[in-house]
Amino acid sequence: MSPSEVGALARLRATNRRAVMRALTQHGPSSRADLARRTGLSPTTVSGIVRDLLADGVLSQQDERGRPHKGGSGRPPRLLTLSAQRGAVAGIDIGHRHVRVAVADHVGRIAHELERRVDSDERGPRTMDVACELLDEALAAADAGALTAVGLSVPAPIDRRSARISTGILPGWRGVVPVEDLAARVNVPVMADNDANLGALAEVHHGAARRSQHVVYLKLASGVGAGLVIGRQVFRGATGHAGEIGHVRVQEHGTVCRCGSRGCLETEVSVPRLIELLQPAYDLPLDVDTVRALERDGDAGVRRVLEDAGATVGRVVADLCNAVNPSLVVVGGPFGGSTALHRGLQAALDRYAQPDIAHAVSIVPGELGTEAQVRGAIALALAGLIQQRDAAPIG
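Counting of residues starts from 1 at the beginning of each chain's written sequence and follows it residue by residue. Residues qualify for local features only when their pLDDT is at least 70, as the model is predicted, and side-chain atom pairs are given and counted only at 80 or more; totals for whole chains, interfaces and linings, by contrast, use all residues. Each side-chain value is derived from all of the structure's non-hydrogen atoms; neither hydrogens nor water enter the calculation.

Here we come to the sheet that holds strand β10 (residues 233-235). One open sheet accounts for 5 strands, arranged β10-β9-β8-β11-β12; its pairing is mixed. Bordering the open sheet on either side are β10 and β12 (362-365), each of which pairs with just one other strand. Sheet twist, expressed as the mean angle between neighbouring strand axes with direction ignored, is 25°. Here, a strand pair is defined by DSSP locating no fewer than two bridges between the strands. Helix and strand assignments follow DSSP, with helices taken as H or I runs no shorter than four residues and strands as E runs no shorter than two, numbered in order from the N terminus. Across 5 bridges, strand β8 (residues 215-220) lies against strand β11 (residues 328-332) in parallel orientation. In the strand pairing of β11, Val216 is matched with Val329. By definition, residues are in contact when any of their heavy atoms lie within 4.5 Å. Between N-to-C directions, angles span 0 to 180 degrees; the directions come from axes that are lines fitted to C-alpha atoms, helices contributing only their stretch in contact. In the packing of helix α11 (residues 339-352) onto the sheet, the strands contacted are β8, β11 and β12, and the crossing angle to β12 comes to about 160°.

When a carboxyl oxygen of Asp or Glu is within 4 Å of a side-chain nitrogen of Lys or Arg, the pair counts as a salt bridge. Across all of its chains, the model carries 22 salt bridges by this definition. With its nearest N and O atoms 3.2 Å apart, the salt bridge here joins Glu367 to Arg210. Taken together, the residues Glu367 in the loop between β12 and α13 (372-391) and Arg210 in the loop between α6 (195-206) and β8 connect sequence positions 157 residues apart. For every residue, the accessible area (1.4 Å probe, protein chains only) is compared with the maximum for its type, and the residue is labelled buried under 20%, exposed over 50%, or partly exposed between those bounds. Since its relative accessible area comes to 36%, Arg210 is described here as partly exposed.

So, about the environment of Gly223. Following the sequence through the fold, Gly223 ends up in the loop between β8 and β9 (224-230). In sequence terms Gly223 and Glu266 are 43 residues apart; their C-alpha atoms lie 5.9 Å from each other. In this structure Gly223 touches His96, Arg258 and Glu266, once residues within four positions along its chain are discounted.

Moving on, we come to helix α2 (residues 32-39). What α2 keeps buried is the set Asp34, Leu35 and Ala36. Just downstream of α2 lies Gly40, where phi reads positive at about 80°.

Right, here's the structure in full:
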């Protein structure tokens, strides 16, 4: 075999190893058969790669067993996972009223997490100061080794061309480049995306959408957004603004929105707006926990407002479903598990979506709750490490 052929073979083996490691990072513990299906490599090739990675200590074999493919009756396969390497990644979730930071190992297991309440909308650089303070505290408490990458979730679209936040949704962030700002502070690679996309990423990898290919993830919180997943990949659109349903106009002469328009969906169904609508009818101060408790107790007013909110969201989501034809709508945010909200959402889908499309869609609450965005940010950081590894020279 000539030297050039030897080199080509070595590069092919390295590329195949990366494909297997990428599949394990994205999908978690997997059998050899799972890896063959996800990478497109032959079972023989996967077995050889797994043997070498086990010998190198890069992979480990779990004691638990998976399920036979397609429910077969054969012996359950042993599951493989990436061995935890020294070093940490971090996920930072910036919400409109909070900053949450989690430090994890290179398998995505969270070692320590912190949160602080803060008005993030007013001043981007100050919010970054808070995030870095929490990151330092979390790294010290986790004792997970040196930081290698950070994923950042922000509650606004990031322009894919300039990496800037250019909308009026976060007035104190206009013109800020979150990736550059944070990378200059932490001196490691930083990847950023909006909160709905990262909530979708987390639910696909770790939550309610683990077995789904085409998903709409709704985040109903201080803002309203949608993360679109097509073929298990987050779809961001040409400029990164895909899924901005919170700023679809639903009332022609409605309340002025922070985006500069009026009558946006967000002004009708955001969590603060729903609490504002309910408060005059109750003597006690309302918050998210109180409203959820009232719904569980069968309170008619709370159920009516949440069902109406679901119907309003559902009218917009029906059009979205007509366009992308998902099999699953995952509802995240503080009221993601609300039965009344789901009822209104389902009724609107049944009425406004094409019958075959509505029939194909299931509506489920998110499984990760308030953890969705920070878990998605960690997944984004790990994906960034894989991209760096893929871009490294192959010897």
